[in-house]
Amino acid sequence: MSGLQTPQSEAQWPDILSRQRLPIIATLCLAIWLHATNTLLAATTMPSAVRELGGLNLISWTFALYLMGSILAGAASSLLVVRHGLRDTMIRAALVYLAGCIVCATASSMPIVLLGRTLQGLGGGCLVGTVFIAQNRFFPSHQVPKVVAIISAVWMLATFASPMIGGAFSTWGVWRYAFWAFALQAVLLAVIIRILVRPSSSEREKPKSRLPARRLGLLAATILTVSAAGFEFHPLNSPMLVAGGCLCLVLFVFRDVRSVDDRMFPRSMADFRHRIGSGISTTFLLCLSIMSLASYGPLILIELHGMTPFTAGLVIMLESLSWGIMAMLFSGTAPGREPLLIRCGSALVVVGLVACAMAFSRGPIWLIVLAAIVSTGGFGMMWGFIIKRIQAAVPPDEKDRTSSLIPITQQMGFALGAALCGLIANGLGIKADLSGDGLQTVAFWIFAGFIPFALCGNLFAWRFSR
């Protein structure tokens, strides 16, 4: 399938969901589904795996290594597309993901499970990077917000469904079958890509770039040190690990923008005066700011407000639902109103954080639910237009690099935000004190502590949308 263009000034759902375009949208959605579901699948399968295999002390690394593999492969996806073409890169990513599922399903110890999770992350992260590249190639810019809305809806569904899928297999006593089920889906994806995505002759004419091992190593160090900082709080080591991770990230960006043949991302990502730099900064800072609810929300709702685990899960589900629903509702906004939508959405993230800080610490429940919806709903209403405007701001030879940068920025923000949540909560003594007063303090500061980051994100959002 080649790139499809339309002269229409406004995207229409019948055109996007036509017989000509629907197969490629379904393919992209399946790729996103495979990655998004396995991000949280371990949350409900690993307890059963630990009971069988041991290694309770390693359970937190099942998420960290998946995230590391995802970010590394996503960062390298544009170079992999240059080397192998879009179709072959997507097929190979699906096969690596398949290998990871098989390793997890047949593991005899927790270290082997960690190997499988790393392979899953590598395959899933590359799939996400290539989805954003394919989205830019197959759809004109005015259709991007609606395509992003569809992808957001799939991500929302995956986030909601994956813990239940893993929990169901674990309840039946066959946790390994959860990974076999996704292995079969990976095979299906590889076959569909082979049939639908045609190799491009222009890709074969491009020079073959090598993979920058040192820069990827810096990126891996960023993720691992920041993740380690959030697992166990130490008043000296934890802040030093976060600082070290941030330094590795700065070195990675500095080295990448100065590279010539093997550059992974656009040079302008580090230029805050450029639309790409301000757009990427907006994405990173706001994604970093909204991780509190996912990280510690259920614990606070259960321990402080007396909710059942099921009810707390419904509140977290509403957070995901609001992102997807708002993305769908605002996907048809006229181009002239996009800057206003970006500014309003970024402002709602701040409003949501303030409301969450007040509501989660003292209630009432209806305000907690409203605050959770507002914070991520604001992000959903502007997300498609951020992607559209970032992709429109780069020359054609930088579009693949820019497309792969967007999901990596999002995931890096989530990773650093989760680590900072751990620092704040553990620094306030959450493990030692689950009393009402102690939890109230934690509930306030894990949201209020991110307000400065969200305000900085708003400044970049205003610059980006001018």
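This text goes with the structure placed above it.
Conventions used here
Residues numbered from 1 in each chain as written. Predicted model: local features only at pLDDT ≥ 70, side-chain atom pairs only at ≥ 80, totals over all residues. Heavy atoms only, no water. Patch = residues over 30% accessible without salt bridge, like charges linked within 9 Å, V, L, I, M, F, W, Y side chains within 5 Å. Areas by Shrake-Rupley, 256 points an atom, 1.4 Å probe, with all protein chains shown as cover. Salt bridge = Lys/Arg side-chain N within 4 Å of Asp/Glu carboxyl O. Helix = DSSP H or I, 4+ residues; strand = E, 2+ residues; numbered from the N terminus. Phe/Tyr/Trp six-rings, centres within 6.5 Å; stacked < 30°, edge-to-face > 60°. Buried < 20%, exposed > 50% of the residue type's maximum accessible area, 1.4 Å probe, protein only. 1 Å grid on protein atoms, 1.4 Å probe; cavity = no way out; pocket = protein on both sides within 12 Å on 5 of 7 lines; lining within 4 Å. Points joined across faces, edges and corners; volume = space filled by probe spheres on them. Nonpolar A, V, L, I, M, F, W, Y, C, P; charged D, E, K, R; others polar. Contact = heavy atoms within 4.5 Å. Expected span 1.5 Å × (residues − 1). Axes fitted to C-alpha atoms, helices over the stretch in contact; angles between N-to-C directions. Parallel < 35°, antiparallel > 145°, perpendicular 65-115°, else oblique. Left-handed = near helix turned anticlockwise from the far one by under 90°. Core = buried A, V, L, I, M, F, W, Y, C linked by side-chain atoms within 4.5 Å.

Draft legend 1. Quick peek at a nonpolar patch on the surface. Taken together, the side chains of Ile102, Tyr177 and Trp180 make up a nonpolar region of the molecular surface, amounting to roughly 300 Å² of accessible area. Mapped onto the elements, Tyr177 comes out in helix 7 (residues 175–196).

Draft legend 2. Structural detail: the packing of aromatic side chains. As enumerated under the stated definition, the model contains nine aromatic pairs in all. With a centroid separation of 6.0 Å and an interplanar angle of 75°, the aromatic rings of Phe252 and Phe265 are classed as edge-to-face. With Phe252 in helix 10 (residues 237–257) and Phe265 in the loop between helix 10 and helix 11 (275–289), the pair connects residues that are 13 residues apart, well separated along the chain. The two residues Phe252 and Phe265 agree in class, both being buried. Ring geometry for Trp323 versus Phe379: centroids 4.7 Å apart, planes at 15°, classification stacked.

Draft legend 3. Examining empty space enclosed by the protein more closely. In this structure the tally under the stated criterion is three cavities of 30 Å³ or more. In this structure, the largest cavity spans a volume of roughly 50 Å³. Looking at the largest cavity, the residues that line it are Thr222, Ile223, Val226, Gly245, Cys246, Leu249, Phe284, Met412, Ala415 and Leu416. Those elements giving two or more residues to the lining of the largest cavity turn out to be helix 9 (213–231), helix 10 and helix 16 (399–427). For the lining of the largest cavity, a count of residues per class yields eight nonpolar, two polar and no charged.

Draft legend 4. Geometry of the environment of Gln410. If you trace the backbone, Gln410 turns up in helix 16. Residues Gln410 and Met68, spaced 342 residues apart in sequence, show a C-alpha to C-alpha distance of 13 Å. If we skip the residues at most four places from it in the chain, Gln410 touches Thr283, Cys287, Trp323 and Trp383.

Draft legend 5. Spotlight on helix 11. The first and last C-alpha atoms of helix 11 sit 21 Å apart over 15 residues, in line with the 21 Å expected at 1.5 Å per residue. Among the 15 residues in helix 11, 13 count as buried, and that is most of the element.

Draft legend 6. Representation of the packing of helix 10 against helix 16 within the structure. Axis separation between helix 10 and helix 16 bottoms out at 11 Å; the angle between their running directions is 165°. Put simply, helix 10 runs roughly antiparallel to helix 16. Helix-helix and strand crossings are classified by hand; for helix 10 and helix 16 the assignment is left-handed. Of helix 16, the residues touching helix 10 (which contributes Ser238, Pro239, Val242, Cys246 and Leu249) are Met412, Leu416, Leu420 and Leu423.

Draft legend 7. Quick look at the nonpolar core. Phe360 and Phe379 are the most contacted members of the largest nonpolar core, which totals 141 residues. Ignoring any residue separated from it by four or fewer positions in sequence, one finds Phe360 in contact with Leu293, Gly297, Ile300, Leu301, Leu304, His305, Ile368, Ala443 and Phe447.

Draft legend 8. Focus on the packing of helix 4 (residues 86–105) against helix 7. Contact geometry of helix 4 with helix 7 gives a least axis separation of 8 Å together with a crossing angle of 165°. As judged from the angle between their axes, helix 4 and helix 7 are roughly antiparallel. For helix 4 against helix 7, the interelement crossing comes out left-handed. Within the contact between the two elements, helix 4 uses Arg87, Met90, Ile91, Ala94, Leu95, Tyr97, Leu98, Cys101, Ile102, Cys104 and Ala105 and helix 7 uses Trp175, Arg176, Phe179, Trp180, Phe182, Ala183, Ala186, Val187, Leu189, Ala190, Ile193 and Arg194. For the contact of helix 4 with helix 7, a count of residues per class yields 20 nonpolar, no polar and three charged.

Draft legend 9. Main features of the pattern of salt bridges. With the rule as written, the count across this model stands at eight salt bridges. The salt bridge partner of Lys388 is Glu338, with a shortest N-O separation of 2.6 Å. Here the residue Lys388 occupies a position in helix 15 (residues 365–392), and Glu338 occupies one in helix 14 (residues 338–362), the gap between them amounting to 50 residues. Here Glu338 falls in the buried class, since its relative accessible area comes to 3%. Overlapping salt bridges, with partners in common, bring together Arg263, Glu398 and Arg401 in one network.

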